[in-house]
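Okay, here's what each chain looks like letter by letter:
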Amino acid sequence: AQSVTQLDSHVSVSEGTPVLLRCNYSSSYSPSLFWYVQHPNKGLQLLLKYTSAATLVKGINGFEAEFKKSETSFHLTKPSAHMSDAAEYFCVVSGQMDSSYKLIFGSGTRLLVRP
Amino acid sequence: DAGITQSPRHKVTETGTPVTLRCHQTENHRYMYWYRQDPGHGLRLIHYSYGVKDTDKGEVSDGYSVSRSKTEDFLLTLESATSSQTSVYFCAIKRERAGAFFGQGTRLTVV
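Chains are numbered independently. Their residues run from 1 in the order of the written sequence. To label them, take the chains in the order written and letter them from A, then take the ligands in the order written and number them from 1. Residue-level local features of this predicted model are given only where pLDDT is at least 70; pairs of side-chain atoms are given and counted only at 80 or more, and the full residue set underlies all totals for whole chains, interfaces and linings. Each side-chain value is derived from all of the structure's non-hydrogen atoms; neither hydrogens nor water enter the calculation.

Here we take up the packing of aromatic side chains. Any pair of Phe, Tyr and Trp rings, taking the six-membered ring for Trp, is counted once the centres come within 6.5 Å. Such a pair is stacked with planes under 30 degrees apart, edge-to-face with planes over 60 apart, and tilted for the rest. In the structure shown here, the tally under the stated rule is 15 aromatic pairs over all chains. For the ring pair A:Phe105 and B:Phe102, a centre distance of 5.9 Å and an interplane angle of 80° mean the geometry is edge-to-face. Highlighted residues: A:Phe105 in strand β11 (residues 104-105) and B:Phe102 in strand β10 (residues 100-102), drawn from two different chains. Across this residue pair, the class does not change: A:Phe105 and B:Phe102 are buried. Judged by centre distance (5.9 Å) and plane angle (55°), the ring pair of B:Tyr35 and B:Phe102 falls under tilted. Taken together, the positions of B:Tyr35 in strand β4 (residues 32-38) and B:Phe102 in strand β10 put the pair 67 residues apart, joining distant regions of the chain. Secondary structure elements follow DSSP: runs of H or I no shorter than four residues count as helices, runs of E no shorter than two count as strands, and numbering proceeds from the N terminus. Only protein chains enter the accessibility calculation, which uses a 1.4 Å probe; a residue whose area is less than 20% of its type maximum is buried, one above 50% is exposed, and one in between is partly exposed.

Structure below.
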């Protein structure tokens, strides 16, 4: 069975300060992990993915995430927040051995960026 | 994403009526998914398909059925719509080694 927990429902940062969005996962198989972003009234956009290659994954718009198997975590970070980063972020797990490739979503973290 | 389109984008329907949402892809991918998005729940999987006529249930499948008679189309049907099915529905395709890509969503309101 797979599950994902996003530890914060809301995160508020000032523009120019670092962003940390936390995600823990549970998976019976070696997981694939993803972060998606959703801007208001928009669809979902893939930020980055981990599929058992490098543990530090770089994505679009300056975001990156580190896969830590010992901590079962996949936290999303960005060195300096921009106003345009304000959105909802979803951590997603999928089992590589699960042939359905079902994506299991966390409940989301809403990022607020203060001027 | 240009390779996947959902129709309609918005729909208001009455309780008890049947509703069908369409997902169309132009990229010939094997896996297609239907999710619903509700505040506080993220996206929850309704049904998915792993080929023509091959479908399976997700975690919130009650009250929904799907069909896939050709690779490019994946239909989601609410047999008898209820107010609890008011939601935003997203279709997704899985691109090899690239995760899932989502349509723009269908906002369904059941009154």
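To continue, consider the interface of chain A and chain B. In this description, contact between two residues means that some pair of their heavy atoms is separated by no more than 4.5 Å. At the interface, 18 residues of chain A touch 21 residues of chain B. Buried area: the accessible surface (1.4 Å probe) lost by two parts on joining, summed over both. Together chain A and chain B conceal approximately 1,600 Å² of surface at their shared face, both sides included; 60% is due to carbon and sulfur atoms. The term salt bridge refers to a side-chain nitrogen of Lys or Arg lying within 4 Å of a carboxyl oxygen of Asp or Glu. In this structure, the connection of chain A to chain B is made through zero salt bridges. Here a polar contact is recorded for every N or O atom pair within 3.5 Å, except that within protein the pair must consist of a potential hydrogen donor and a potential acceptor, and residues adjacent in sequence are included only if both atoms are side-chain atoms. At the junction of chain A and chain B, the tally comes to three residue pairs in polar contact (both at pLDDT 80 or more). Contributing elements (two or more residues each) for the side of chain A that touches chain B: β5 (31-38) and β6 (44-50) of chain A. Among the residues forming the side of chain A that touches chain B, the class breakdown is eight nonpolar, seven polar and three charged. Amino acid classes used here: Ala, Val, Leu, Ile, Met, Phe, Trp, Tyr, Cys and Pro are nonpolar; Asp, Glu, Lys and Arg are charged; the rest, including Gly, are polar.

This part is about the sheet that holds strand β7 (residues 64-70) of chain B. Residue and element names in this part refer to chain B. Strands are labelled as partners when DSSP assigns at least two bridges between them. If you trace the four strands from one edge of the open sheet to the other, you get β1-β3-β8-β7, paired in antiparallel fashion. Two strands in the sheet have a free side with no partner beyond their single neighbour: β1 (4-7) and β7. Strand-to-strand, the axes of this sheet are offset by a mean angle of 20°, without reference to chain direction. Pairing geometry for strand β3 (residues 19-25) and strand β8 (residues 73-78), over six bridges, is antiparallel. When the bridges of β8 are listed, His24 appears paired with Asp73. All axes are obtained by fitting lines to C-alpha atoms, using only the stretch in contact for helices, and the reported angles, taken between N-to-C directions, cover 0 to 180 degrees.

As a further point, take the pattern of salt bridges. If you walk through the whole model with that rule in mind, you get eight salt bridges over all chains. Close ionic contact of A:Glu88 with A:Arg110 constitutes a salt bridge, the shortest N to O distance being 3.0 Å. Taken as a pair, A:Glu88 in strand β10 (residues 87-95) and A:Arg110 in strand β12 (residues 109-114) lie far apart in primary sequence, 22 residues in all. A relative accessible area of 14% means that A:Glu88 is categorised as buried. According to the relative accessible area criterion, A:Arg110 is partly exposed, its value standing at 34%. Each of B:Arg22, B:Lys70 and B:Asp73 takes part in a single network of salt bridges with overlapping partners.

Time to look at the state of the cysteines. Only a pair of cysteine sulfur atoms within 2.5 Å counts as a disulfide in this structure description. Under the counting rule described, the total for this entry stands at two disulfides over all chains. Here A:Cys23 connects covalently by a disulfide to A:Cys91, the sulfurs 1.9 Å from one another. One quick way to see it: the torsion about the S-S bond of A:Cys23 and A:Cys91 is about -65°, and its sign makes the bridge left-handed. With A:Cys23 in strand β4 (residues 23-27) and A:Cys91 in strand β10, the pair connects residues that are 68 residues apart, well separated along the chain. With relative accessibility at 0%, the residue A:Cys23 sits in the buried group. Given a relative accessible area of 0%, A:Cys91 falls into the buried group. Residue B:Cys23 pairs covalently with B:Cys91 via a disulfide, S to S 1.8 Å. Looking along the S-S bond of the B:Cys23-B:Cys91 disulfide, the torsion reads about -75°, which is the left-handed sense. Of this pair, B:Cys23 sits in strand β3 while B:Cys91 sits in strand β9 (residues 87-94); the two residues are 68 residues apart in sequence, bridging distant segments of the chain. Among the residues examined, B:Cys23 registers a relative accessible area of 0% and is labelled buried.

Most often, soluble globular proteins keep nonpolar side chains buried together rather than apart. With 40 residues, the main nonpolar core has A:Tyr36, A:Leu103, A:Phe105, B:Trp34, B:Leu76, B:Tyr89 and B:Phe102 as its most contacted residues. Not counting residues up to four positions away in its chain, the partners in contact with A:Tyr36 are A:Leu44, A:Gln45, A:Leu46, A:Leu47, A:Glu88, A:Tyr89, A:Phe90, A:Val92, A:Leu103, B:Gly99, B:Ala100 and B:Phe102. Within this scheme, the nonpolar core is defined by two criteria: the residues are buried Ala, Val, Leu, Ile, Met, Phe, Trp, Tyr or Cys, and they are joined through side-chain atoms within 4.5 Å.

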